[in-house]
Amino acid sequence: HAKAAGRNRYALFGDHMNQLLRARRELENDLRHAIETKTQIEIHYQPVYSATTGEMCSVEALVRWRHPKKGLLGPDIFIPVAEEAGLITALGLIVLDDACATISAWNDLPVSVNASAAELKLESYPLRVLSTLARHNIEPGRLEIEITESLLLDGSGQCERTIAALRKAGVRFAIDDFGTGYSSFGRVQDVSIDRIKIDKVFVDELSRSGNNGIIVGMVSMARARGLEITAEGVETEEQREMLGSLGCDHLQGYLLSKPLTREQFASVRTKTVSDAGSKAISTSPVP
Ligand code: C2E
Ligand code: MG
Ligand code: MG
Ligand code: MG
């Protein structure tokens, strides 16, 4: 009797696993198709503002996937799939190419894009990036590539070489989600970058507990190293004021603007240059 129940449980578990695996394989196949045809991948743009003047200073390109059945999917759902399925370098190139095509019409506005470890480990990555910029007639100094701390821990030195080569050509680098990886301060000493982006968890902590110690430490480290500082995930007026007075250079978050479609961005761009910071841009929610 007990044995039979165990078998049933096992059979149920097996069914469930099969379902999960099937769903996963399907998502992977759909993503491969989306990347091959380039039709369902879109980019939303989140403005980044000066903490001192309130002017819009740049935009971050954030990828989305308009799945024919599941609707608009955010990167947290499909970037891990792309990474595991070996599709991330192809996806990264689509994002870069598409973002460059779009921003080439937006005067001199700088753009940042997120890159995964697998992209930076690719030997051909610097050349791919520089030729994409050249094709769209965009100065390398207008592009900032956001990477995470974990990428600097791989030990091979390949990512460091890639960063050095691109920085030599004028491309800028930022450490995204700064403070969430370990040995943040240590690794940032050795690798030359241009900016840290303080993760939202520290911004939330600041207004929840009033404890500004961590951010003060990050700002002073960044200042000592000549790095610029962006605070991410700014959602309240209080956070905006505190972050500005602690010396952050740039602010990004829903308080100021959510990520916008290309069309939404084009229609607010001219307005926001003069109003930024004093008025939030509210739009329909995006994931
Ligand atoms: P990230 O680069 O740290 O981007 C910030 C994320 O926080 C974005 O989520 C953005 O929409 C969201 N965000 C911005 N302001 C606020 C706020 O005030 N409150 C809250 N709650 N959230 C805010 P999103 O677009 O879902 O992107 C998630 C992550 O996916 C990104 O984090 C980035 O690591 C990754 N990602 C996005 N696009 C790409 C890409 O093209 N390639 C790669 N490799 N990764 C990407
Ligand atoms: Mg980012
Ligand atoms: Mg981040
Ligand atoms: Mg993130």
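Everything below is about the structure printed above this text.
What you see as residue numbers is a count from 1 along each chain, following the sequence as written. Labels follow written order: the first chain is A, the first ligand is 1, and so on. Totals for whole chains, interfaces and linings use every residue, but because this is a predicted model, local features are given only for residues with pLDDT of at least 70 and side-chain atom pairs only at 80 or more, for both listing and counting. To get the side-chain values, all heavy atoms of the structure are used, and hydrogens and water are removed first.

1. Side note on the overall build of the protein chain
Put simply, DSSP H or I for four residues or longer makes a helix, DSSP E for two residues or longer makes a strand, and each gets a number counted from the N terminus. Across its full length, the protein chain holds eleven helices and nine strands. A total of 287 residues make up the protein chain; the buried ones form 44% of that total. Only heavy atoms enter the contact rule, under which two residues are in contact if any of them lie within 4.5 Å. Pairs at least 24 residues apart make up 68% of the contacts formed inside the protein chain by residues separated by at least 6 positions. All accessible areas in this document rest on Shrake-Rupley with a 1.4 Å probe, and a residue is counted as covered only by the protein chains that are shown. When the accessible surface of the protein chain is totalled, it reaches about 14,300 Å², and 53% of it is carbon and sulfur. Exposure categories follow from relative accessible area, calculated using a 1.4 Å probe and restricted to protein chains: below 20% of the type maximum is buried, above 50% is exposed, and the middle band is partly exposed.

2. Section: the coordination of the magnesium ion (ligand 2)
Around a metal, the ideal angle is 109.5 degrees if four donors adopt a tetrahedral arrangement and 90 or 180 degrees if six donors adopt an octahedral arrangement. For Na, K and Ca the donor cutoff is 3.2 Å, while for all other metals N, O and S atoms must lie within 2.8 Å; water is not among the atoms, so some sites may look incomplete. Taken together, the protein donors to the magnesium ion (ligand 2) comprise Glu60 (OE), Asn114 (OD1), Glu146 (OE) and Asp176 (OD), at separations of 2.0 to 2.2 Å. All donors of the magnesium ion (ligand 2) come from a single chain, and their spacing in sequence reads E-x53-N-x31-E-x29-D.

3. Here's the deal with unusual backbone geometry
For Asn137, which is not glycine, the phi dihedral falls at a positive 60°. The backbone of Asp177 shows a phi angle near 50°, a positive value even though the residue is not glycine. Relative accessible area serves as the criterion here: at 26%, Asp177 is assigned to the partly exposed category.

4. Some words on the side chain of Gln46
With respect to the element layout, Gln46 can be found in strand 1 (residues 41–50). We call two N or O atoms a polar contact when they sit within 3.5 Å, provided that within protein one can donate a hydrogen and the other can accept it, with sequence-adjacent residues counted only if both atoms are side-chain atoms. Only 2.9 Å separates the side chain of Gln46 from the side chain of Gln252, close enough to count as a polar contact. Residues within four places of Gln46 in sequence aside, it is in contact with Ser58, Val59, Glu60, Leu62, Gln252, Gly253, Tyr254, Ser257, Lys258 and Pro259.

5. Remarks on the side chain of Glu144
Position of Glu144 relative to the elements: it lies in strand 5 (residues 143–148). The buried category is assigned to Glu144, whose relative accessible area is 8%. Once you skip the residues sitting within four places of it in the chain, Glu144 turns out to touch Val111, Ser112, Val113, Arg172, Phe173, Ala174 and Arg195.

6. Considering the nonpolar core
We define a nonpolar core as any set of buried Ala, Val, Leu, Ile, Met, Phe, Trp, Tyr and Cys residues linked to one another through side-chain atoms lying within 4.5 Å. Counting residues in each nonpolar core, the largest one holds 73 residues, and the members touching the most others are Leu120, Leu143, Ile145, Ile147, Phe173, Ile196 and Leu243. Residues contacting Leu243, with those up to four places away along its chain left out, are Val203, Leu206, Ile215, Ala231, Val234, Cys248 and Leu251.

7. Considering the environment of Lys121
With respect to the secondary-structure elements, Lys121 resides in helix 4 (residues 117–121). With near-sequence residues (within four places) excluded, Lys121 lies in contact with Asp154, Gln158 and Cys159.

8. A few points about the site of ligand 1
Close contacts around ligand 1 come from 23 residues, with Arg64, Asn114, Asp176, Glu235 and Tyr254 the closest. Separating an oxygen atom of ligand 1 from a side-chain N or O atom of Asp176 is a distance of 2.7 Å. The contact in question runs from an oxygen atom of ligand 1 to an N or O atom on the side chain of Glu232, over 3.2 Å. Within the complex, 82% of the 800 Å² of free accessible area of ligand 1 lies under protein. Contributions of two or more residues to the shell around ligand 1 are made by strand 2 (56–67), helix 2 (75–84) and strand 6 (172–178). For each residue, the test is whether any non-hydrogen atom lies within 4 Å of the molecule or strand; if one does, the residue is near.

9. Here we look at the packing of helix 8 (residues 200–209) against helix 10 (residues 237–245)
Between N-to-C directions, angles span 0 to 180 degrees; the directions come from axes that are lines fitted to C-alpha atoms, helices contributing only their stretch in contact. Across the interface, helix 8 lies against helix 10 with an axial gap of 10 Å and an inter-helix angle of 105°. In terms of orientation, helix 8 lies roughly perpendicular with respect to helix 10. Counting all contacts with helix 8, which are made through Val203, Asp204, Leu206 and Ser207, the residues of helix 10 involved are Glu238, Gln239, Met242 and Leu243. Three classes are used, and their members are as follows: Ala, Val, Leu, Ile, Met, Phe, Trp, Tyr, Cys and Pro are nonpolar, Asp, Glu, Lys and Arg are charged, and the others, Gly among them, are polar. Residue composition of the contact of helix 8 with helix 10, by class: four nonpolar, two polar and two charged. Angles are sorted into four bins: roughly parallel if under 35 degrees, roughly antiparallel if over 145, roughly perpendicular if 65 to 115, and oblique for all others.

10. Comments concerning the pattern of salt bridges
By definition, a salt bridge exists where a carboxyl oxygen of Asp or Glu is found within 4 Å of a side-chain nitrogen of Lys or Arg. Inspection of the entire model under this criterion finds 18 salt bridges. A salt bridge links Glu60 to Lys197; the shortest N-O distance between them is 2.8 Å. Of this pair, Glu60 sits in strand 2 while Lys197 sits in strand 7 (residues 195–198), and the two are 137 residues apart along the sequence. Comparing Glu60 with Lys197, the two get one shared label, buried. The partner of Glu237 in a salt bridge is Arg240, and the shortest N-O contact between them spans 3.0 Å.

11. Focus on the packing of aromatic side chains
Stacked, edge-to-face and tilted labels apply to pairs of Phe, Tyr and Trp rings (six-membered ring for Trp) whose centres lie within 6.5 Å, assigned for plane angles under 30 degrees, over 60, and everything in between, in that order. Applying the stated rule across the entire model yields three aromatic pairs. With centroids separated by 5.7 Å and ring planes inclined at 80°, the aromatic side chains of Trp65 and Phe78 adopt a geometry described as edge-to-face. With Trp65 in strand 2 and Phe78 in helix 2, the pair connects residues that are 13 residues apart, well separated along the chain. With respect to class, Trp65 is no different from Phe78; both count as buried. Taken together, the ring pairs connect Tyr45, Trp106 and Phe265 into an aromatic cluster. Positioned over the ring face of Tyr254 is Lys258, at 4.8 Å from the centre of the ring. A ring is scored as having a charge over it whenever the NZ atom of a lysine or the CZ atom of an arginine sits within 6 Å of its centre and within 35 degrees of its normal.

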